[in-house]
Amino acid sequence: MRRVTYSMSVSLDGYIVGPDGGFDWGVPDKDVFRFWIDEIQEVGVHLLGRRLYETMLYWETADQNPSLDDSELEWAALWNPLPKLVFSTTLSEVQGNARLASGGLAEEIERLRAEPGEGDIAIGGATLASEAAASGLIDEYRTMVYPVLVGGGISFFPQHERRVGLELVETRTFSSRIVYLRYRVAR
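These remarks concern the structure in this document. (Residues numbered from 1 in each chain as written. Predicted model: local features only at pLDDT ≥ 70, side-chain atom pairs only at ≥ 80, totals over all residues. Heavy atoms only, no water.)

### Re the overall build of the protein
Here comes step 1: Summing up its helical and strand segments, the protein has six helices and 10 strands in all.
Here comes step 2: For the protein, the C-alpha radius of gyration of 16 Å lies close to 16 Å, the compact-globule estimate for 187 residues.
Here comes step 3: With the principal axes as the frame, the protein shows a C-alpha extent of 40 × 35 × 30 Å.
Here comes step 4: Counting the 187 residues in the protein, one finds 44% classified as buried.
Here comes step 5: The long-range share in the protein, meaning contacts at least 24 apart out of those at least 6 apart in sequence, stands at 70%.
Here comes step 6: Of the roughly 10,100 Å² of accessible surface on the protein, a fraction of 51% belongs to carbon and sulfur atoms.
Here comes step 7: A distance of 6 Å separates the average location of the 18 positive side-chain charges in the protein from that of its 28 negative side-chain charges. (Helix = DSSP H or I, 4+ residues; strand = E, 2+ residues; numbered from the N terminus. Rg over C-alpha atoms; globule rule 2.2 N^0.38 Å. Buried < 20%, exposed > 50% of the residue type's maximum accessible area, 1.4 Å probe, protein only. Contact = heavy atoms within 4.5 Å. Areas by Shrake-Rupley, 256 points an atom, 1.4 Å probe, with all protein chains shown as cover. Lys, Arg positive; Asp, Glu negative; His and termini not counted. Charge placed at Lys NZ, Arg CZ, Asp CG, Glu CD.)

### Observations concerning the sheet that holds strand β7 (residues 140–146)
Here comes step 1: Pairing is mixed in the open sheet, where eight strands are placed in the order β5-β4-β3-β6-β1-β7-β10-β9. Each edge of the open sheet carries a strand with a single partner, namely β5 (98–100) and β9 (166–173). Across the sheet, the axes of successive neighbouring strands diverge by a mean angle of 20 degrees, strand direction being ignored.
Here comes step 2: Across six bridges, β7 lies against strand β10 (residues 179–185) in antiparallel orientation. What sits directly across from Arg142, in β10, is Arg182.
Here comes step 3: Packed onto the sheet, helix α1 (residues 30–40) meets β1 (4–11), β3 (43–49), β7, β9 and β10 and runs at close to 165 degrees relative to β7.
Here comes step 4: Its contacts with the sheet put helix α6 (residues 126–134) on β1, β3, β4 (84–87), β6 (120–124) and β7, and the angle it makes with β6 is roughly 125 degrees. (Pairing = 2+ DSSP bridges. Axes fitted to C-alpha atoms, helices over the stretch in contact; angles between N-to-C directions.)

### With respect to unusual backbone geometry
Here comes step 1: Phi at Arg177 is positive, roughly 75 degrees, even though this residue is not glycine.
Here comes step 2: Mapped onto the fold, Arg177 is located in the loop between β9 and β10.
Here comes step 3: Given a relative accessible area of 60%, Arg177 falls into the exposed group.

### Topic: the packing of aromatic side chains
Here comes step 1: Taken as a whole and assessed by the stated rule, the structure comprises 13 aromatic pairs.
Here comes step 2: Relative to Phe156, the ring of Tyr6 has its centre 4.3 Å away and its plane inclined at 20 degrees; by these criteria the two rings are stacked. With Tyr6 in strand β1 and Phe156 in the loop between β8 (154–155) and β9, this residue pair connects regions lying 150 residues apart in the sequence.
Here comes step 3: A relative accessible area of 1% places Tyr6 in the buried class.
Here comes step 4: Taking relative accessible area as the criterion, Phe156 reaches 3% and is therefore assigned buried.
Here comes step 5: A centroid spacing of 5.7 Å and a plane angle of 80 degrees characterise the contact between Phe35 and Phe174, whose relative ring orientation is edge-to-face. Within this pair, whereas Phe35 is found in helix α1, its partner Phe174 is found in the loop between β9 and β10, the two being separated by 139 residues in sequence. An identical accessibility class is assigned to Phe35 and Phe174; each is buried. (Phe/Tyr/Trp six-rings, centres within 6.5 Å; stacked < 30°, edge-to-face > 60°.)

### Re the nonpolar core
Here comes step 1: Core analysis: the biggest nonpolar cluster contains 54 residues, and Tyr6, Leu47, Trp59, Trp75, Ile123, Ile138 and Met144 have the highest contact counts within it.
Here comes step 2: In terms of residue count, α1 provides more of this core than any other element does, six residues in total.
Here comes step 3: Contact partners of Ile123, with chain neighbours within four places excluded, come to Val4, Thr5, Tyr6, Ser7, His46, Leu47, Ile109, Leu128, Ala129, Ala132 and Ile138. (Core = buried A, V, L, I, M, F, W, Y, C linked by side-chain atoms within 4.5 Å.)

### A short note on the pairing of β3
Here comes step 1: Burial runs high along β3: seven of the seven residues are buried.
Here comes step 2: Bridge count for β3 against β6 is five bridges, and the pairing is parallel. Within β6, the residue paired with Leu47 across the bridge is Ile123.
Here comes step 3: Across four bridges, the pairing between β3 and β4 is parallel. Residue pairing for β4: Gly49 is matched across the bridge by Phe87.

Quick look at the structure:
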């Protein structure tokens, strides 16, 4: 069965976006960006909320930018063909290899798990992940913890509705003092 993973960059105080809506503190260095490239290769479909979808639209045409380096071009080449499922009540259309979700999150995840296919079902965005977590649908939590306190904003876990036991699967510390933590839900 395909795993459902939630993976985001997060400040040490638990936010994916600061109080001003910015996330400039979460710009990955070369090694962290390489890590994200390797991770995205394990994804079969990416579920996104509207805000993250709109942020990631940059990559739809980024490969036309002559100032991109080789790793950024590699990311764009992996990201653009990746199937994406966008959950939004305000968008009427999406671009690239994306489609708007027609069902609810739990329904869509069940459908994706039942379909033949390889790769993880990745969730991006705290609101969407919170809904999946409340339904017990997330199998792994993956955080790239940045050594910064932003003091507020959008929390990695916007709702704390239930207790979930986790097993540490992997850690990695980068030279930039960023720490990757990967936890599997204990079932």
